[in-house]
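One letter stands for each residue in the lines below.
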Amino acid sequence: MAEGKGQGGLALLVLLVLVVGLGGYNYHRNWQREQAEQTKRTFSGYATADLEQLAAAYRAEAEALQKRYSAASRRVAPARDRAFMSDRVAEFERVQKQAGSARDVATLLAEREARVREIEQELALRQNQTGALAVHFRRLISF
């Protein structure tokens, strides 16, 4: 009977070593995955307070660009009919220049709005992070 208890204890020890080893491997794998994902994020190296200030600055710039775009898009007038070819070419160039400036402002506006969204996503990720114990537990058991 003593042999049965010894084999059961050995099996339990082997199972325990196996579980600890697999848990350690899984933890390390998940930690590496998190590190790789963090390096892909543009704003991961910034402090949260700096990100909030940056987001506020980009929002203010986007609002100013929105006003400029609204004004520029209202200014674009249709081409007026001209009698001579040279006048028509000059009128075409005038309309193209006005439309081009409105497009340039729209491009800048879209870039600023995209940057604000990226910053807000980073801030949201930081808010959703749980305590250190929960992070360690998630790394250990998630596959």
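Residues numbered from 1 in each chain as written. Predicted model: local features only at pLDDT ≥ 70, side-chain atom pairs only at ≥ 80, totals over all residues. Heavy atoms only, no water.

## As for the side chain of R112
Within the secondary structure, R112 is located in helix 3 (residues 85-128). A polar contact is formed between the side chain of R112 and the side chain of E61, at a distance of 3.1 Å. Beyond its immediate sequence surroundings of up to four residues, R112 is in contact with Y58, E61, A62 and L65. (Helix = DSSP H or I, 4+ residues; strand = E, 2+ residues; numbered from the N terminus. Polar contact = N/O pair within 3.5 Å; in protein donor to acceptor, adjacent residues only side chain to side chain. Contact = heavy atoms within 4.5 Å.)

## Section: the side chain of E122
Relative to the assigned elements, E122 resides in helix 3. Given a relative accessible area of 4%, E122 falls into the buried group. For E122, the residues in contact, after removing those within four places along its chain, are R41, F43, S44 and L51. (Buried < 20%, exposed > 50% of the residue type's maximum accessible area, 1.4 Å probe, protein only.)

## Considerations on the nonpolar core
Among the nonpolar cores identified, the biggest contains 5 residues, and these are F43, L51, A55, I119 and L123. When residues of this core are traced back to their parent elements, those giving at least two are helix 2 (48-75) and helix 3. When sequence neighbours within four positions are dropped, the list of residues in contact with F43 reads L51, L54, R115, E118, I119, E122 and R126. (Core = buried A, V, L, I, M, F, W, Y, C linked by side-chain atoms within 4.5 Å.)

## Describing the packing of aromatic side chains
Counted according to the given criterion, the structure contains 1 aromatic pair. Measuring from centroid to centroid gives 5.6 Å for F43 and Y46, while their planes differ by 55°, and the two rings are tilted. For Y46, a relative accessible area of 42% puts it in the partly exposed group. (Phe/Tyr/Trp six-rings, centres within 6.5 Å; stacked < 30°, edge-to-face > 60°.)

## Some points on the pattern of salt bridges
This model, assessed by the stated rule, comprises 4 salt bridges. Between E120 and R59 there is a salt bridge, and its shortest N-O distance comes to 2.9 Å. With a gap of 61 residues between them, E120 in helix 3 and R59 in helix 2 connect regions that are remote in the sequence. What makes E120 partly exposed here is its relative accessible area of 34%. Classification of R59 by relative accessible area gives partly exposed; the value is 33%. Here R112 makes a salt bridge to E111, at a shortest N to O gap of 3.6 Å. Ionic contacts of the salt-bridge type, sharing partners, join the residues E61, E111 and R112 into one network. (Salt bridge = Lys/Arg side-chain N within 4 Å of Asp/Glu carboxyl O.)

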